[in-house]
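Spelled out from the first residue to the last, the chains are:
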Amino acid sequence: MMRRVSEQTQGQAGQGRAGTAQIGVTGMAVMGRNLARNIARHGYVTAVHNRTDAKTRALVEEFGEEGTFVPGYTTQEFVDSLSSPRTIIIMVKAGAPTDAVIDELAPLLSEGDILVDGGNAHFLDTRRREAALREKGIHFAGVGVSGGEEGALLGPSIMPGGSKHAYATLGPVLEDIAVSVEGTPCATHVGPDGAGHFVKMVHNGIEYADMQLIAEAYDLLRHGLGRTPKQLAEVFTTWNSGDLESFLIEITARVLAKDDPTQEGVPLVDVILDEAEQKGTGRWTVQTALDLGTPVSGIAEAVFARALSGHAEQRKAAQPVLPGPTGDAAGGAEGSGGFVAEADAEQFVEDVRAALYASKVVAYAQGFDMIRAGSQEYGWGVDPGAMATIWRGGCIIRATFLDRIKDAYAKNPELPSLLLDPYFADAVAKGQEAWRRVVVHSVTAGIPAPGFASALAYYDGLRRERSSAALIQGLRDLFGAHTYKRVDREGSFHVEWTGDGSVSQGLSCAPHHDGADPGGSAPSWCPGSAALAGRGAQASLLTRRGPGAPPRRAGRGTRRRSAARRGPGRAGPGPPRRPAPAPGPARAAPAGRPRAGRCRTAGPGTPPARPGRPRARTPRTP
């Protein structure tokens, strides 16, 4: 466990000797520099390093009085300056740059040393790196850091993953530098390997949804009431004193109140190009949620809205061609009145506030559902209540109602959905009529509000006793023989749609796709059944490559390599190919059978399907 240095020894930049630094930070861009300053301010002797010397020298010269810094101008010098076991925080761009720094540092480290990635890495990359370094005896911790450059300096929210052993050394430092709320540090051990970066990714996804909802509220108020940005800044300031109190609502008021510094009296928001950029963590959240089978529609709509905003040429081409609503329903410009009568303005503002709160609750509920799903998939044991606790301060999505979320999981750690907690269920139920009115206003006025609408659709989909999915499963059974389950009995069923219309009960063809059908037990419509055996190439080609299937032609799923491309030692012709079967008369698919297809719904005797894991791919740099 690290101990802070005394006040008398602080401020001695450059005075550290080899092996005296307690912790090191490499990567002196804004986030890395501010994190290093934060650590040094808390009394830890901090080694600092950057790929180029200039940034290291600038940090020491400008902020050397804030704490004890030990500059390292080469990687070896930086590593040698650290006491054992060494702890190094990497603050560089995610992706290949992080791998390059790890590859450079790892050979210089010893068993028991700790490497920390404090960037926005994809959690699958973190899992890969942790496993590789563990084999060398090096602990690797993926740590999510939220709060931006200001938070990194003054106190962020920190989500550390990695081993418990690594956290025993690293944790006290992180808890010291994190912001505290009611005496509790906004930092805790999230779970092993990629758990920290996974939770940070979901945090960022919720952040996407939150900002999209705020932007929709602003758009509806501005064009519904015809108000100016400064007038709306006052609305958001008022909201920030109630149940919507949060960092994002606070800074929304600041942005709307700001005039363009280069043009007097022109709102800043009116001169900002309406193309929202993104670094990638929102996309990662949606992609991972799809792999986990967890609906995060609010986050997805926020990502798609940003993507649409970036299609500037497409939007420009659509404006003179695609008509919108006309007359009183259309939103107006400020000063001319909007689609809401002045007498109804106060009620409309309250309706939008209620819709915003309800939609935010849905976004957070979906995010926490995803954290639970990821924790179960990877065996992390993440405590959702602890995540709500450390998000109360320092991070971008900090909000008063996170206390409510913390309390909800404290009362019921197995809460199926945040929306089912009595407080949130009651709050959303009370606001749902206003929520519905706002969505109707947005549709009739032609003002897109995908965040509000999708959140309401999720709420309705969750609460309804019966959904439209029954029809979807019926369609899947007709065109693909995927079977269906019934509400009145157990098992899997299939209708002989192109035959006599009878139902096969309690059957699944999955076990019979190896081509064997002992005793004729497979359903007659299954491609592996005895009934379809020997019926010609067509049935085989529709399902799998089995004995007797004609050879594939080059260029369709295979690629024949020439002797020159086989490489050294493989210049020969290679093994002889299996002769193609003698051509026979073409046979049609058996009458009365549906198109052959693999049935994926398990029935009695079918081995349980393994849960799908996301592919371990290297994602693009965020």
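So, a few notes on the structure that sits alongside this text.

What counts and how
- Residues numbered from 1 in each chain as written.
- Predicted model: local features only at pLDDT ≥ 70, side-chain atom pairs only at ≥ 80, totals over all residues.
- Heavy atoms only, no water.
- Helix = DSSP H or I, 4+ residues; strand = E, 2+ residues; numbered from the N terminus.
- Core = buried A, V, L, I, M, F, W, Y, C linked by side-chain atoms within 4.5 Å.
- Buried < 20%, exposed > 50% of the residue type's maximum accessible area, 1.4 Å probe, protein only.
- Contact = heavy atoms within 4.5 Å.
- Pairing = 2+ DSSP bridges.
- Axes fitted to C-alpha atoms, helices over the stretch in contact; angles between N-to-C directions.
- Salt bridge = Lys/Arg side-chain N within 4 Å of Asp/Glu carboxyl O.
- Expected span 1.5 Å × (residues − 1).

Observations regarding unusual backbone geometry
- A cis amide bond, omega -5°, links Ser84 with the succeeding residue Pro85.
- Looking at the element boundaries, Pro85 is found in the loop between α3 (75-80) and β4 (87-90).
- Despite not being glycine, Asp193 has its phi angle at roughly 30°, a positive value.
- Here Asp193 is to be found in the loop between β9 (184-185) and α8 (195-225).
- Positive phi, close to 65°, is recorded for Thr483, a residue that is not glycine.
- Along the chain, the position of Thr483 falls in the loop between α20 (469-480) and β10 (493-495).

Describing the nonpolar core
- Counting residues in hydrophobic clusters, the biggest one holds 93 residues, and the most contacted among them are Leu221, Phe236, Trp239, Trp391, Ile405, Trp435 and Phe452.
- With 18 residues, the top contributor of residues to this core is helix α15 (residues 345-378).
- Those residues in contact with Ile405, other than ones at most four positions away along the chain, are Tyr364, Phe368, Ala388, Leu418 and Phe424.
- Counting 28 residues, the second-largest nonpolar core is a separate cluster that includes Ile23, Met28, Val145 and Ala178.

Points about the sheet that holds strand β7 (residues 157-160)
- With respect to topology, seven strands assemble into an open sheet ordered β3-β2-β1-β4-β5-β6-β7, the strand pairing being mixed. Each edge of the open sheet is held by one strand with a lone partner, namely β3 (69-72) and β7. Sheet twist, expressed as the average angle between the axes of neighbouring strands with direction ignored, equals 25°.
- Pairing analysis gives three bridges linking strand β1 (residues 23-26) to β4, with the strands arranged parallel.

A closer look at the pairing of β7
- Along β7, one buried face is formed by Ser157 and Met159 and the opposite face, lined by Ile158 and Pro160, is buried too.
- With four bridges joining them, strand β6 (residues 139-146) and β7 adopt antiparallel strand pairing. Across the sheet, Val143 pairs through a bridge with Pro160, a residue of β7.

Description of the pattern of salt bridges
- Summed over the entire model, instances satisfying the criterion amount to 28 salt bridges.
- Glu66 is paired through a salt bridge with Arg37; the nearest N and O atoms lie 2.8 Å apart. With Glu66 in the loop between α2 (53-63) and β3 and Arg37 in helix α1 (residues 30-41), this pair connects stretches of sequence that are 29 residues apart.
- Residue classification places Glu66 among the partly exposed residues on the basis of a relative accessible area of 22%.
- According to the relative accessible area criterion, Arg37 is buried, its value standing at 8%.
- Among the ionic pairs, Arg227 bridges to Glu342, the shortest N-O distance being 3.1 Å. One end of the pair, Arg227, is in the loop between α8 and α9 (229-239); the other, Glu342, is in the loop between α14 (312-318) and α15, and 115 residues separate them in sequence.
- Overall, Glu342 belongs to the exposed group, its relative accessible area being 55%.

Quick word on α1
- Under the 1.5 Å per step criterion, the end-to-end length of α1 is 16 Å for 12 residues, consistent within 8% with the ideal 16 Å.
- Residues of α1 that are buried include every one of Gly32, Asn34, Leu35, Ala36, Arg37, Asn38, Ile39 and Ala40, and no others.
- After α1 finishes, the residue Gly43 shows a positive phi value of roughly 95°.

Any link to function would need more than the numbers given here.
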